[in-house]
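Here are the chains, one letter per residue:
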Amino acid sequence: MEEGQNPLEQSITIINPEGYNVTVFLSEIDTENLKAIKFSAIMAAQIGACAIILFLLAALTKPEKRLSKIFLVNITSLILVIIRSILQIMYYSGPWFKMIAYYGGYYGGLTTSAYATSIAATIMALLLHICILTSLILQVRVVYASHPKLNNIMTAISIFVALVSVGFFTAVCTQVIKAILSVEFYESRWVYTTSRAMLAVSICFFSGIFVAKLGMAIRQRRVLGLEMWGPLQIIFIMGIQTLIIPALFSIIENINTVRFDGMSSLTTCLVAISLPVSSIWAATTSDSPVGSYNSMSPSGRGGGSGSASSNLMKRPGHTNMTSCTTVARSQNNSQYRDEDGAEKGASQHAEVF
C-alpha cells in the first residue's frame, strides 16, 4: 500500500475461472455485507412478528371461526411471510453470496438447490400477494353485506383492482424467474414500475373502503346512542383495520422519498399482520357488553383487514419479493476493474419491490 493511501481504499483481486480477473474494493465488500446484515435482520423480525401473531390467533380465535374462509386465508398469509423471509435469508447464507459469485461473476458453483431457493422465494411472494388481495375482497363483501346492490358493485370493482395488480405482479415474477434460470441481471422494466404502482393503488383503494365504512359506523353509533369508541380504539382501528399505515408505506415506497433494503417486504408484512390482528380486536369487542355493536368491523364475522405488496435487489438469484428482489450489477456505478483498468459492472442494490 502506498504511503498516505486510505486503508479503506485497498482492493483485492478475484481470479475468475473463466479467464479474467476482477478487482474489488474493501469498502464495497463492507457496504454489501452491511446491507446483507440489515436485510436479514428485517426478515428475521418479520418471522418473529408473524410467529407471535400466529400463536395469538390460535389461542384467541373461537373454534367455530377457525374454518371460516377469511381466517384460513389470513393464516396462510402469515405462514407465507415466514416462508418467504426464511428463503430470502438463505440467499445470503448460500452460494449466491459467495465472493466468487457475488463479486467475481462466476456461477459455476451454484447448486440446483440454490436456484430452487430463489425461485421458491419468488413464488411465495406471488402467493402472498394473491392471499392478501383475496382476504380483502372477502372482507369487502362482509363490510357491505347489509347492502346487497352496493355489495355486488364494490365486489366487482375490488376483483378488477385485484386482478390487475396480480396480473402485473405475475408478469414481474415470471421475468425474475427467467433471469434466475439464465443467471442474468434483472433490469427494472415498465412492468415492474406499473406493478408497484398497482400495489399502492390496491392498498389505498381498500383502505378508502374501510375508512368510509368506519365513518358510517361512527355515525350509526351516534344515531343509536351507543357509547363511542375511546381514543385508543379509534387510533387502533384507523391504523390497523383501515390499512392507513400499510398505505403510507406503499406510497412512500413509490415516490422514493425513503429507501432502504427490505422496505417493500415490510409493507407486505404489515398488511399480512393487520389481517388477523383486527379480527382478534373485533372478537374481543363483540364479546364485551358495551362493544357488542360493531358495524365497522368486517372481521366481526370472521376476518381482519389488510392489504398487499413488495424489492428486487439487482443481482442474479436474489428475490426479495415482498417482494421479488433480484440483485444485478449497475453498469453506471462501477467500482470493479480488471487488471487493465477496464470497468466491470459494479454491484449495487436496487429495490424492485
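Before any of the text, the structure's been laid out above.
Fair warning: this is a prediction, and the values are worked out from it, not measured in the lab.

Rules of the game
Residues numbered from 1 in each chain as written. Predicted model: local features only at pLDDT ≥ 70, side-chain atom pairs only at ≥ 80, totals over all residues. Heavy atoms only, no water. Helix = DSSP H or I, 4+ residues; strand = E, 2+ residues; numbered from the N terminus. Areas by Shrake-Rupley, 256 points an atom, 1.4 Å probe, with all protein chains shown as cover. Pairing = 2+ DSSP bridges. Phe/Tyr/Trp six-rings, centres within 6.5 Å; stacked < 30°, edge-to-face > 60°. Buried < 20%, exposed > 50% of the residue type's maximum accessible area, 1.4 Å probe, protein only. Polar contact = N/O pair within 3.5 Å; in protein donor to acceptor, adjacent residues only side chain to side chain. Contact = heavy atoms within 4.5 Å. Core = buried A, V, L, I, M, F, W, Y, C linked by side-chain atoms within 4.5 Å.

Caption draft 1: View of the overall build of the protein. Each helix and strand in the protein was counted, giving nine helices and seven strands. Surface accessibility of the protein: about 15600 Å² in total, with carbon and sulfur atoms responsible for 66%.

Caption draft 2: Seen up close, the pairing of strand E2 (residues 20-25). Bridging between strand E1 (residues 11-16) and E2 involves six bridges; their strand directions are antiparallel. Bridge pairing in E2 links Thr13 to Thr23. Joining the antiparallel neighbours E1 and E2 is a turn of three residues, in which Gly19 adopts a positive phi near 110 degrees.

Caption draft 3: Structural detail: the packing of aromatic side chains. Applying the stated rule across the entire model yields nine aromatic pairs. Here Tyr91 and Tyr92 contribute two aromatic rings whose centre-to-centre distance is 5.0 Å and whose plane-to-plane angle is 85 degrees, an arrangement assigned as edge-to-face. Tyr92 sits in the buried class, given a relative accessible area of 11%.

Caption draft 4: Region of interest: the side chain of Gln46. By the secondary structure assignment, Gln46 is in helix H1 (residues 26-60). Relative accessible area serves as the criterion here: at 2%, Gln46 is assigned to the buried category. A distance of 2.6 Å separates polar atoms of two side chains, one belonging to Gln46 and the other to Arg84. Apart from residues lying up to four places away in sequence, Gln46 is in contact with Val81, Arg84, Ser85, Ser265, Leu266 and Cys269.

Caption draft 5: Here's a closer look at the nonpolar core. Within the largest apolar cluster, 39 residues are counted, with the highest numbers of intra-cluster contacts made by Leu78, Leu136 and Phe206. Counting only elements with at least two residues in this core, the list comes to H1, helix H2 (69-93), helix H4 (112-143), helix H5 (148-181), helix H6 (190-224) and helix H9 (263-287).

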